[in-house]
Amino acid sequence: MGSRYAYLDNPEILEKLLLFSDGGISKVKFLIPAIHCSSCIWLLENLSTLNSSILGSFVNFVRKEVHITFRDSEISLRQLVELLHTIHYIPEISLNKENKDDYQKSNRRLLMKIGVAGFAFGNIMLLSFPDYLPGGEQIDSFLIRTFGYIAFVLALPVAFYCSTDFYLSAFKSLRKKIINIDLPISLGIIALFLESSWEIFTGAGNGYMDSLAGLLFFMLIGRWYQSKSYQSLSFDRDYRSFFPIAVTRLGKDNEEEYVQIKDLKKNDVILVRNKELIPADSIIIEGEANIDYSFVTGESVPVLKTKDALVYAGGRQSGASLVLRVEKEVAQSYLTQLWNEDRLHSRSGKTMQRVIDRVSHYFTIIILTIATLSGVYWGLTDIGKAVYVFSSVLIVACPCALALTIPFTFGSVIRVFGRNGLYLKNAEVIERLYNIDTVVFDKTGTITHSRTMKAEWKGADLSVDEARWIRSVTRSSTHPSSVTVAESLGNTANSKVENYVEITAQGIEGMVEGKRIRVGAKGFVGGVADPDAGLTTVVHVSIDNQYRGYFSIENDYREGLKSTLAGFEGFDIHLLTGDNDSEKANLMQYFSSEKQLHFRQSPEDKLEYINQLNQSGKKVLMIGDGLNDAGALLSAHVGITIADDIYHFSPACDGILKSDQFGRICDFQKYTRKALRIVYISYTLAFLYNVVGLSFAVMGLLSPVVAAVLMPISSITVVAFTTLAVSLTSRQNRFR
Amino acid sequence: MQVIVILIGFSLLVAVGFLVAFLWAVRSGQYDDDISPGMRILYDEKKGESSNQIITNQTKPN
């Protein structure tokens, strides 16, 4: 484990992480994503048997958290984390935990409001009993008035405590000149409260305080249910937790100190060890960088960088330690820009969600109009009835069901896809995936395996030196063929490569120990005619302009390529590759037309090609490996990267597909059609519900309390329908 | 009939008592997690005093 967790010894970080520390006892809370079953709870709650300095531990299963109390004089936080690491409950240590606490507090507040509203509702209902009974008018007027006053007192916390969220939300959005759902609800609440108070104090009647309290009670329950279901749907996508939160900074005399990322300044000198992520864009001062940008690109093949080269945030060093000088502070770094999704994707077109937001906006205005009109109509005869109808209309016609449809349907779909190996960036991608009509594949690493390829040397045996030279050169390249060649040459020490060049679709060249090494295509290396390659790719080698032989690399097409291409029948299919056309004969077994194949495409060519397709009105699904085609992935309508290791992340893409699910891409695409159909059905449901409810409310046949019961029921219907429909249809489509 | 007002007063008092109990329970975090306590009773109790301490720490409001 070494000094991976050494930053936990830094008092400043310690202070941030510890919940409590006094008198030799500390308490800490860790988020442990690995908690998934009852035995995890058991093990984590018995940590004290593993180390007697741990006083106790407590698991919150829902939030995957463990609270640990320990004697900090006997075991440091670092040792504690290392202990957890050894039993493979690796805590995610993140310094921005405020959001989670906020969530907990808001959940508690909501529960308390529900409690208060329920209390008021039950009691006011009892007091209003005489109003609903025949002959209730004969009850002593003193009693009736007393009941009214008590109801008023009980309604006070409802109007001034339970409803504050609605007022605040309506008010805040009004100030930004937005009319949101909470505005009609707030108006309904205020109207009911004022009218009822007026009735009670003038002795005109007992008002509708029972309806008011019931309304709040049921609406708050609806909110609570929503937040519960949201919680189970939500992905924990705290991207920042991918970064190491402390950085080793080197002082003037090369002394190491641990600082937090946000304290990192330009020109700071930092140390990055093996398998650590580079926290900010930096220049290499010392050491040889072998950086895996899979976090950025999805390509797990490392990039070689030497002194004075720029390395980007998010790369993971493998090999010896690096000394780096920070060029850009983290806030401005390359990665952050990539992640700010909206700036990244300034895609045109209206998504359904945006259309619905717009519609909800008008919806609210229309409802306000209807409510006012029907209120005025009834007001001509009966003021009390007018307020009653006004409130009912406002409450029953809540567009909640409308607003919930997309998040819940697409949220469930994202979850189903995730379980099946396709990780989507957000819900919008589903809709875009539905719209595609063109599919563009990258070749190497996408439709072929990059990892399982085998290179076989054909030619006179290579000496140990020669093998080292070739390996040193090929190791510098990220092209899957080079990687394969380098891997086939064993794990010997590498020599320094000078004047290294890589020419797309040609090959690579470099000087090693005074020898000019060329590796690549026949024309580039100057080799003999291509041998009868069959299903193989051929990489020729020359040393000091002397042809030495070639590597024959078996192209291992991914399983399911045939079924994928068949599944996309009716779509416009293209293949872009940086390689030359030596592979053409093999590819023709899979692709029907030669016109679909495009060879010798540099990353810029790929981007340009996608742009051309976009301009001709095509909606392109680009499937690539995320490295040579990052630009193309970005400008495509949907960009999906194939990741051999699923934890690798590419901000350039909209989705990450596990490589073993390659054969199912078209299934995923087809399923989006069903998802869209579910959305439409759900909209119809919500719309019907609103029309029926509204007509009853306008006629004065619906009391506000029934409206308040109906409203959460409509939301629950929509949520239940969408989740159920998604799980049923996904099973039909053989999704897990 | 006037006595009914006094009775209502008492019944409200009792109801308020329950409301306060509920609010206390929420504030002390008893509703934060409703899954693990159910599993916890299935495990053997061997931790002795330390477990009590953890529970009291947990139930303190933030």
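Once a new chain begins, its residue numbering starts again from 1 and follows that chain's sequence as written. All chains are assigned letters beginning with A, and all ligands numbers beginning with 1, in the order in which they are written. Two thresholds apply to this predicted model, a pLDDT of at least 70 for residue-level local features and 80 or more for giving and counting side-chain atom pairs, whereas whole-chain, interface and lining totals are computed over all residues. Remark: hydrogens and water are excluded; side-chain values derive from all non-hydrogen atoms of the structure.

Asker: Go over the overall build of chain B, please, and point to the residues and values.
Answerer: For the purposes of this entry, the term helix denotes a DSSP run of H or I that reaches at least four residues, the term strand denotes a run of E that reaches at least two, and both are numbered from the N terminus. For chain B, the helix and strand inventory stands at three helices and zero strands. In sequence order, the secondary structure elements of chain B are arranged as α-α-α. When a residue's accessible area, from a 1.4 Å probe over protein chains only, is under 20% of the maximum for its type it is buried; when over 50% it is exposed; and in between it is partly exposed. Going through the 62 residues of chain B one by one, you find that 24% of them count as buried. Per element, the accessible surface of chain B, about 4,500 Å² overall, is 68% carbon and sulfur. The Shrake-Rupley method, run with a 1.4 Å probe sphere, supplies the accessible areas, and residue values consider only the shown protein chains as cover.

Asker: So what's going on with the overall build of chain A? Which residues, and what values?
Answerer: For chain A, the count of helices and strands is 27 helices and 26 strands. Considering chain A as a whole, with its 736 residues, one finds that 55% of them fall into the buried category. As displayed, chain A offers around 32,700 Å² of accessible surface, 56% of which is attributable to carbon and sulfur atoms.

Asker: Outline the nonpolar core, supporting the account with residue identities and numerical values.
Answerer: Residues and elements named next belong to chain A. For the purposes of this section, nonpolar cores are sets of buried Ala, Val, Leu, Ile, Met, Phe, Trp, Tyr and Cys residues that join through side-chain atoms within 4.5 Å. Core analysis: the biggest nonpolar cluster contains 115 residues, and Leu-216, Phe-441 and Leu-621 have the highest contact counts within it. The greatest single-element share of this core, amounting to 13 residues, is contributed by helix H26 (residues 665-698). Looking at which domains feed residues into this core, each of domain 2 (104-227) and domain 4 (414-449 + 558-669) gives three or more. Pairs of residues are marked as contacts when any of their non-hydrogen atoms sit within 4.5 Å. Here Leu-216 is in contact with Ala-117, Val-158, Cys-162, Ser-163, Phe-166 and Ile-189, once residues within four sequence places are set aside. Counting residues in each nonpolar core, the second largest holds 24 residues, with Ile-54, Val-66, Phe-70 and Ile-75 among its members. An automatic or database domain assignment is the source of the domain bounds shown.

Asker: Summarise the packing of aromatic side chains; cite the residues concerned and give the values.
Answerer: Residues and elements named next belong to chain A. Aromatic rings from Phe, Tyr and Trp, with only the six-membered ring used for Trp, were paired whenever their centres fell within 6.5 Å, and each pair was classed as stacked if the ring planes differed by under 30 degrees, edge-to-face if by over 60, and tilted otherwise. Summed over the entire model, instances satisfying the criterion amount to 15 aromatic pairs over all chains. Ring plane angle 20° and centroid distance 5.9 Å describe the contact between Phe-152 and Phe-193, whose orientation is recorded as stacked. Of this pair, Phe-152 sits in helix H7 (residues 141-162) while Phe-193 sits in helix H9 (residues 182-202), placing them 41 residues apart in sequence. Here Phe-193 falls in the buried class, since its relative accessible area comes to 9%. In textbook terms, an aromatic cluster arises when at least three aromatic residues are bridged by ring pairs, as seen for Tyr-149, Phe-152, Phe-160, Phe-193 and Phe-201. In this scheme, Lys NZ or Arg CZ marks a charge over a ring once it lies within 6 Å of the ring centre and within 35 degrees of the ring normal. Seen from the ring of Trp-378, Lys-385 lies directly overhead, with NZ or CZ sitting 5.6 Å from the centre.

Asker: Account for the pattern of salt bridges, with residues named and values stated.
Answerer: All names here are of chain A. Any Lys or Arg side-chain nitrogen found within 4 Å of a carboxyl oxygen on Asp or Glu counts as a salt bridge. All chains considered together, the criterion is met by twelve salt bridges over all chains. For Glu-509, the salt bridge goes to Arg-518, with nearest N and O atoms at 2.7 Å. A residue is classified by how much of its surface remains accessible, and Glu-509, at 11% relative accessible area, is buried. When the shortest N-O distance is used, the salt bridge between Asp-667 and Arg-664 registers 3.2 Å. Using a relative accessible area of 17% as the deciding quantity, one classes Asp-667 as buried.

Asker: Can you break down the pairing of strand E15 (residues 438-442) of chain A residue by residue, with the values?
Answerer: Residue and element names in this part refer to chain A. Burial of E15 is extensive: five of the five residues sit out of reach of the surface. By the alternation rule, side chains of E15 split into Thr-438, Val-440 and Asp-442 and Val-439 and Phe-441, which are all buried. As defined by bridge partners, E15 adjoins strand E22 (residues 572-576) across five bridges and the pair is classed as parallel. Looking at the pairing, Val-440 lines up with His-574 of E22. If DSSP finds at least two bridges between two strands, the strands pair. Pairing analysis gives four bridges linking E15 to strand E24 (residues 620-624), with the strands arranged parallel. In the strand pairing of E24, Thr-438 is matched with Val-620.

Asker: Could you give an account of a nonpolar patch on the surface, naming the residues involved and the relevant values?
Answerer: A surface patch of nonpolar side chains, amounting to about 540 Å² of accessible area, comprises Val-3, Ile-6, Leu-7, Phe-10 and Leu-13 of chain B. Tracing the sequence through the fold places Leu-13 of chain B in helix H1 (residues 3-27). Patches in this entry comprise residues that are over 30% relatively accessible and not in a salt bridge; like charges within 9 Å are linked, as are nonpolar side chains (Val, Leu, Ile, Met, Phe, Trp, Tyr) within 5 Å.

Asker: Describe in detail the confidence of the model for chain B, supporting the description with residues and values.
Answerer: All names here are of chain B. Every residue carries a pLDDT, the predictor's confidence in it, which falls somewhere between 0 and 100. Counting all residues, the mean pLDDT for chain B is 75, and 71% of those residues have values of 70 or more. Confidence scores differ between elements of chain B, with helix H3 (residues 49-59) showing the lowest mean pLDDT of 45 and H1 the highest of 91. Here residues 49-62 scores under 50 on pLDDT; set against residues more than four positions off or in separate chains, the count is 18 contacts. Reported for the predicted complex are a pTM of 0.60 and an ipTM of 0.73.

Asker: Any details on the environment of Ile-32 of chain A? Residues and values, ideally.
Answerer: Residue and element names in this part refer to chain A. Position of Ile-32 among the secondary structure elements: in the loop between strand E2 (25-31) and helix H2 (38-45). Residue classification places Ile-32 among the buried positions, given a relative accessible area of 0%. The sequence separation of Ile-32 and Glu-92 amounts to 60 residues, and the corresponding C-alpha distance is 6.0 Å. Here Ile-32 is in contact with Lys-64, Val-66, Leu-84, Tyr-89, Ile-90 and Pro-91, once residues within four sequence places are set aside.

Asker: Talk me through unusual backbone geometry; I want residue IDs and the actual numbers.
Answerer: All names here are of chain A. Here Asn-267, not a glycine, exhibits a phi torsion of approximately 70°, which is positive. The residue Glu-513 is not glycine, and still its phi comes out positive at about 50°. Within the element layout of this structure, Glu-513 appears in the loop between strand E18 (507-512) and strand E19 (515-520). Glu-513 sits in the partly exposed class, given a relative accessible area of 46%.

Asker: Mind laying out a positive patch on the surface, listing which residues take part and the relevant values?
Answerer: A cluster of basic residues, Arg-415, Arg-419, Lys-658, Arg-731 and Arg-736 of chain A, forms a positive patch on the protein surface. Position of Arg-736 of chain A relative to the elements: it lies in the segment after helix H27 (704-732). Charged-residue counts in this description rest on Lys and Arg as positive and Asp and Glu as negative, His and the chain ends being excluded. Where a charge lies is defined by one atom per residue type: Lys uses NZ, Arg uses CZ, Asp uses CG and Glu uses CD.

Asker: How would you sum up helix H15 (residues 383-396) of chain A? Please name residues and give values.
Answerer: Along an α-helix, residues three or four positions apart point the same way, because every turn accommodates 3.6 residues. Residues and elements named next belong to chain A. Take the residue count of a helix, subtract one, and multiply by 1.5 Å to get its expected span. In this model H15 runs 20 Å from its N-terminal to its C-terminal C-alpha over 14 residues, within 8% of the 20 Å that 1.5 Å per residue would give. The buried fraction of H15 amounts to twelve of the 14 residues, a majority that puts the element mostly inside the structure. Pairs of N or O atoms are called polar contacts if they sit within 3.5 Å, as long as, within protein, a hydrogen donor faces a hydrogen acceptor (for residues adjacent in sequence, only side-chain-to-side-chain pairs). Two to three positions downstream of the cap, the backbone nitrogen of Lys-385 sits 3.3 Å from a side-chain oxygen, assigning the N-cap of H15 to Asp-382.

Asker: Please set out the pairing of strand E8 (residues 282-286) of chain A residue by residue, giving values where relevant.
Answerer: Residues and elements named next belong to chain A. Note: E8 against strand E11 (residues 310-311), two bridges, orientation antiparallel. Across the sheet, the residue bridging to Ile-283 is Leu-310, located in E11. Two elements, E8 and strand E13 (residues 322-326), share four bridges in a ladder whose sense is antiparallel. The partner of Ile-283 across the bridge, within E13, is Arg-325.

Asker: Lay out the environment of Asp-72 of chain A in plain terms, naming residues and giving numbers.
Answerer: Tracing the chain through its elements places Asp-72 of chain A in the loop between strand E4 (65-71) and helix H4 (77-86). The exposure class assigned to Asp-72 of chain A is partly exposed, which follows from its relative accessible area of 30%.

Asker: Summarise the confidence of the model for chain A; cite the residues concerned and give the values.
Answerer: Residues and elements named next belong to chain A. For chain A, per-residue confidence averages 76 on the pLDDT scale, and 76% of positions sit at 70 or higher. Low confidence marks residues 235-245, where pLDDT is under 50. Its contacts with residues over four positions away, or in another chain, come to 34 contacts. Contacts from residues 645-649, a stretch scored under 50 in pLDDT, to residues over four places away or in other chains number 18 contacts.

Asker: Describe in detail the packing of H9 of chain A against H15 of chain A, supporting the description with residues and values.
Answerer: Residues and elements named next belong to chain A. Only the stretch in contact is used when a helix axis is fitted, and all axes are lines through C-alpha atoms; the angle between N-to-C directions ranges over 0 to 180 degrees. At a minimum axis separation of 8 Å, H9 and H15 run at an interaxial angle of 160°. Accordingly, the angle class assigned to the pair H9 and H15 is roughly antiparallel. The hand of the H9/H15 crossing is left-handed. Of the residues in H15, those touching H9 at Pro-184, Ile-185, Leu-187, Gly-188, Ala-191, Leu-192, Glu-195 and Glu-199 are Ile-383, Gly-384, Val-387, Phe-390, Ser-391, Leu-394 and Ile-395. Orientation is classified from the angle alone, with under 35 degrees giving roughly parallel, over 145 giving roughly antiparallel, 65 to 115 giving roughly perpendicular, and any other angle giving oblique. Handedness of each helix crossing follows the sense of rotation of the near helix against the far helix: counterclockwise by less than a right angle gives left-handed, clockwise gives right-handed.

Asker: Describe the side chain of Asp-442 of chain A, naming the residues involved and giving the relevant values.
Answerer: Residue and element names in this part refer to chain A. For Asp-442, the position within the fold is in strand E15. According to the relative accessible area criterion, Asp-442 is buried, its value standing at 3%. In terms of polar contacts, Asp-442 uses its side chain to reach the side chain of Lys-606, at 2.9 Å. Apart from the residues within four sequence positions on either side, Asp-442 is in contact with Ile-447, Leu-575, Leu-576, Lys-606, Met-622, Ile-623, Gly-624, Asp-625 and Asp-629.

Asker: Quick rundown of the packing of H7 of chain A against H9 of chain A? Include the residues and the values.
Answerer: All names here are of chain A. The geometry of H7 relative to H9 is characterised by a closest axis approach of 10 Å and an angle of 155° between their N-to-C directions. Here H9 runs roughly antiparallel to H7, going by the angle between their axes. Crossing of H7 over H9 shows left-handed handedness. Contacts between H7 and H9 pair Arg-145, Gly-148, Tyr-149, Phe-152, Ala-155, Leu-156, Ala-159 and Phe-160 from the former with Phe-193, Ser-197, Ile-200, Phe-201 and Thr-202 from the latter.

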